[in-house]
Amino acid sequence: MATVPTPDTASPGPGGSAALPKGPEPTDGADPDEGAAGAGPLTGFTVGVTAARRRDELVALLKRRGARVVEAPTVRIVPLEDDNALRQATELCLAAPLDYVVATTGVGWRGWMSAADGWGLGRRLSEACRNAVVISRGPKATGAVRASGLGEAYAPPNEANDGLLTWLLARDLRGRRVALQEHGAPLDAFAEALRERGAEVITVPVYRWAPPQDPEAVRRLVEQTIRREIQAIAFTSAPAITGFLDCAHAQGLHEEVLDALRDGVLPVCVGPVCARPLEEHGVRPVYPDRGRLGSLVRTIVEALPVGNRELQLGSARLVLQGSAVLTPNGTLWLSPTQAALLRALAEQPGRVLSRAELLRRVWVGISADEHAVEAAVARLRTALGPHAALVRTVPKRGYRLAVPG
């Protein structure tokens, strides 16, 4: 487990974190375009996005609901540099009748059909698939199959490759020809299991996963996750999770990242297949019933704001949401330390918390003294601006919120 020196300016995120060099924090102060009434359900929250495909769409959905987004694609999809491999596989599929065709991803299926059209083989490939039994993994692959004018004979309820394999292995495969559309990585074990049952398997490599285009962005996301500077991280594919964890491992921060994903940062996956690499490490992500980006965002909306705190300062109603305070006149974004400090005080409004107690609760795992608490309170008051009186000093005792308990 890596140990990284902590600079004097380092500060923890909510719940504390491993010590890391301090990265840029959100700009403090009010956003006049967002009042408490007009703020979105994710205002105050920062969400990491690791998607390579449809990233712009996911980012737009999150921002529309008020979230700040950290973009760091952890893998990239690389089309085959040489289409010869895909064309040769397609021609092999057309050399004799196919018995089964396996569609594993929607983007892969569409890419295959499109490439075949470009070679003038689209009609023949569609006919070959129509005369075979087509099975598909999940709604995206099923939708792509149907959009190409075909129908699926089977789609496993668990949306997993092992469901497809179990279905195929229940049949007599001796002498059968099976086309297996791969998705990003070779499906060697899948193909070998079919061959052991006597099938002739034609693997169709449409695209593959590669390291991220901007590895530095992924490294920053790893550090922000450990510092709890983000409140959630969205994953839309299992390879994206693997790429993220591989980056953490290369930094010597693998265990710290897993600890953050278990407590402090909400991992949200598009579906159960995507979630498996995290579950294998003892992390329990949340995911929607339907594997759609809209459903993924709704899951984030439903899961994150449960920690909101409502505060009353005179006639002003304030809401502490994530790392922001929603006021009638705008949104005040706080740093992770400021948000953690205010949240600690807000757990029992009116109760006095000593500097030592705040130090234990907010600066978890980081060496600091009571002067750090005093400095952080001063910065918090500055960030609160006209609402600075919310945080009161109780001489010789500590601090409290100026709200009724």
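Residues numbered from 1 in each chain as written. Predicted model: local features only at pLDDT ≥ 70, side-chain atom pairs only at ≥ 80, totals over all residues. Heavy atoms only, no water.

Things to note about the overall build of the chain
In step 1: Of regular secondary structure, the chain possesses 15 helices and 16 strands.
In step 2: Split into buried and exposed, the 405 residues of the chain put 52% on the buried side.
In step 3: Across the chain, contacts joining residues at least 24 apart in sequence account for 65% of those joining residues at least 6 apart.
In step 4: Carbon and sulfur atoms make up 49% of the accessible area of the chain, which totals about 18,200 Å². (Helix = DSSP H or I, 4+ residues; strand = E, 2+ residues; numbered from the N terminus. Buried < 20%, exposed > 50% of the residue type's maximum accessible area, 1.4 Å probe, protein only. Contact = heavy atoms within 4.5 Å. Areas by Shrake-Rupley, 256 points an atom, 1.4 Å probe, with all protein chains shown as cover.)

Here's the deal with the packing of aromatic side chains
In step 1: Overall, the coordinates contain four aromatic pairs when judged by the stated rule.
In step 2: When the centroid spacing of 6.2 Å and the interplanar angle of 85° are considered together, the rings of Tyr 100 and Trp 167 count as edge-to-face. Pair noted here: Tyr 100 is in strand E5 (residues 100–103) and Trp 167 is in helix H6 (residues 161–169), with a separation of 67 residues, a long-range link. Taken as a pair, Tyr 100 and Trp 167 share a single burial class, namely buried.
In step 3: A ring pair is formed by Phe 235 and Phe 244, whose centres lie 5.8 Å apart and whose planes are at 55°; its orientation type is tilted. Here Phe 235 matches Phe 244 in class, with each residue buried. (Phe/Tyr/Trp six-rings, centres within 6.5 Å; stacked < 30°, edge-to-face > 60°.)

Here we look at the layout of surface pockets
Any empty space left between atoms is shown by rolling a water-sized probe over those atoms.
In step 1: Roughly 990 Å³ of volume is contained in the largest pocket.
In step 2: Forming the walls of the largest pocket are 39 residues, and the residues nearest its centre are Thr 105, Arg 137, His 183, Thr 236 and Ser 237.
In step 3: Of all the secondary-structure elements, those providing two or more residues to the lining of the largest pocket are helix H3 (106–118), helix H5 (138–147), H6, strand E7 (177–184), strand E8 (200–210), helix H9 (238–250) and helix H11 (272–279).
In step 4: Top contributing element to the lining of the largest pocket by residue count: H5, with four residues.
In step 5: Across the lining of the largest pocket, the residue classes tally to 18 nonpolar, 13 polar and eight charged. (1 Å grid on protein atoms, 1.4 Å probe; cavity = no way out; pocket = protein on both sides within 12 Å on 5 of 7 lines; lining within 4 Å. Points joined across faces, edges and corners; volume = space filled by probe spheres on them. Nonpolar A, V, L, I, M, F, W, Y, C, P; charged D, E, K, R; others polar.)

What about the pairing of strand E9 (residues 232–235)?
In step 1: A two-sided burial pattern is seen for E9, the buried positions comprising Ala 232 and Ala 234 on one face and Ile 233 and Phe 235 on the other.
In step 2: Bridge analysis of strand E2 (residues 46–49) against E9 gives three bridges, and the strand direction is parallel. Of the residues in E9, the one forming a bridge with Val 49 is Ala 234.
In step 3: Of the pairings in the sheet, the one linking E9 to strand E10 (residues 266–269) comprises four bridges and is parallel in character. Bridge pairing in E10 places Ile 233 opposite Pro 267. (Pairing = 2+ DSSP bridges.)

Remarks on the pairing of strand E16 (residues 398–401)
In step 1: Taken together, the four bridges between strand E15 (residues 391–394) and E16 define a ladder with antiparallel strand orientation. When the sheet's bridge partners are listed, Val 391 is paired in E16 with Leu 401.
In step 2: Here E15 hands over to E16 after three residues, with Lys 396 in that stretch at a positive phi of 65°.

Describing the sheet that holds E2
In step 1: Strand order in the open sheet formed by four strands is E3-E2-E9-E10, and the pairing between neighbours is parallel. Each having just a single partner strand, strand E3 (68–71) and E10 make up the two edges of the open sheet. Across the sheet, the mean angle separating the axes of adjacent strands is 25° when strand polarity is ignored. (Axes fitted to C-alpha atoms, helices over the stretch in contact; angles between N-to-C directions.)

Description of the confidence of the model for the chain
In step 1: In this model, the chain carries a mean pLDDT of 85, and residues with pLDDT of at least 70 account for 87%.
In step 2: By mean pLDDT, strand E1 (residues 29–31) is the weakest element of the chain at 46, and E5 is the strongest at 98.
In step 3: Throughout residues 1–37 the model reports pLDDT below 50, and contacts reaching past four residues in sequence, or to other chains, amount to 95 contacts. (pLDDT = per-residue confidence, 0-100.)

Topic: the nonpolar core
In step 1: Membership of the largest hydrophobic core comes to 29 residues, with the highest contact counts inside it found for Val 325, Leu 341, Leu 342, Leu 358, Leu 384, Val 391 and Leu 401.
In step 2: For this core, the element with the highest residue contribution is helix H13 (residues 336–346), accounting for seven residues.
In step 3: Ignoring sequence-local partners within four residues, the contact set of Val 325 consists of Leu 318, Val 319, Leu 320, Gly 330, Thr 331, Leu 332, Leu 334, Leu 342 and Leu 384.
In step 4: One finds Leu 86, Ala 132, Ala 141 and Ala 179 within the second-largest nonpolar core, a separate group that totals 28 residues. (Core = buried A, V, L, I, M, F, W, Y, C linked by side-chain atoms within 4.5 Å.)

Section: the packing of helix H1 (residues 55–64) against helix H12 (residues 293–303)
In step 1: Two elements in contact, H1 and H12, have axes separated by 10 Å at closest approach and are oriented at 35°. When you trace H1 past H12, the crossing you get is right-handed. Contact residues: Glu 57, Leu 58, Leu 61 and Leu 62 in H1; Leu 293, Gly 294, Leu 296, Val 297 and Ile 300 in H12.
In step 2: Taken together, the residues that form the contact of H1 with H12 break down as seven nonpolar, one polar and one charged. (Left-handed = near helix turned anticlockwise from the far one by under 90°.)

Some thoughts on the environment of Glu 223
In step 1: Structurally, Glu 223 is set in helix H8 (residues 215–226).
In step 2: In sequence terms Glu 223 and Gln 251 are 28 residues apart; their C-alpha atoms lie 9.5 Å from each other.

Concerning the pattern of salt bridges
In step 1: Counted according to the given criterion, the structure contains 16 salt bridges.
In step 2: One salt bridge connects Asp 172 with Arg 174, and the closest N-O pair in it is separated by 3.0 Å.
In step 3: Residue Asp 172 is classed as partly exposed on the basis of its relative accessible area of 45%.
In step 4: On the basis of relative accessible area, Arg 174 is assigned to the exposed category, the value being 63%.
In step 5: Via salt bridges that share partners, Glu 347, Arg 351, Glu 357 and Arg 361 belong to a single interconnected network. (Salt bridge = Lys/Arg side-chain N within 4 Å of Asp/Glu carboxyl O.)

Describing the environment of Arg 55
In step 1: Turning to its location among the elements, Arg 55 is positioned in helix H1.
In step 2: Once residues within four sequence positions are removed from consideration, Arg 55 is found in contact with Val 49, Glu 71 and Pro 73.

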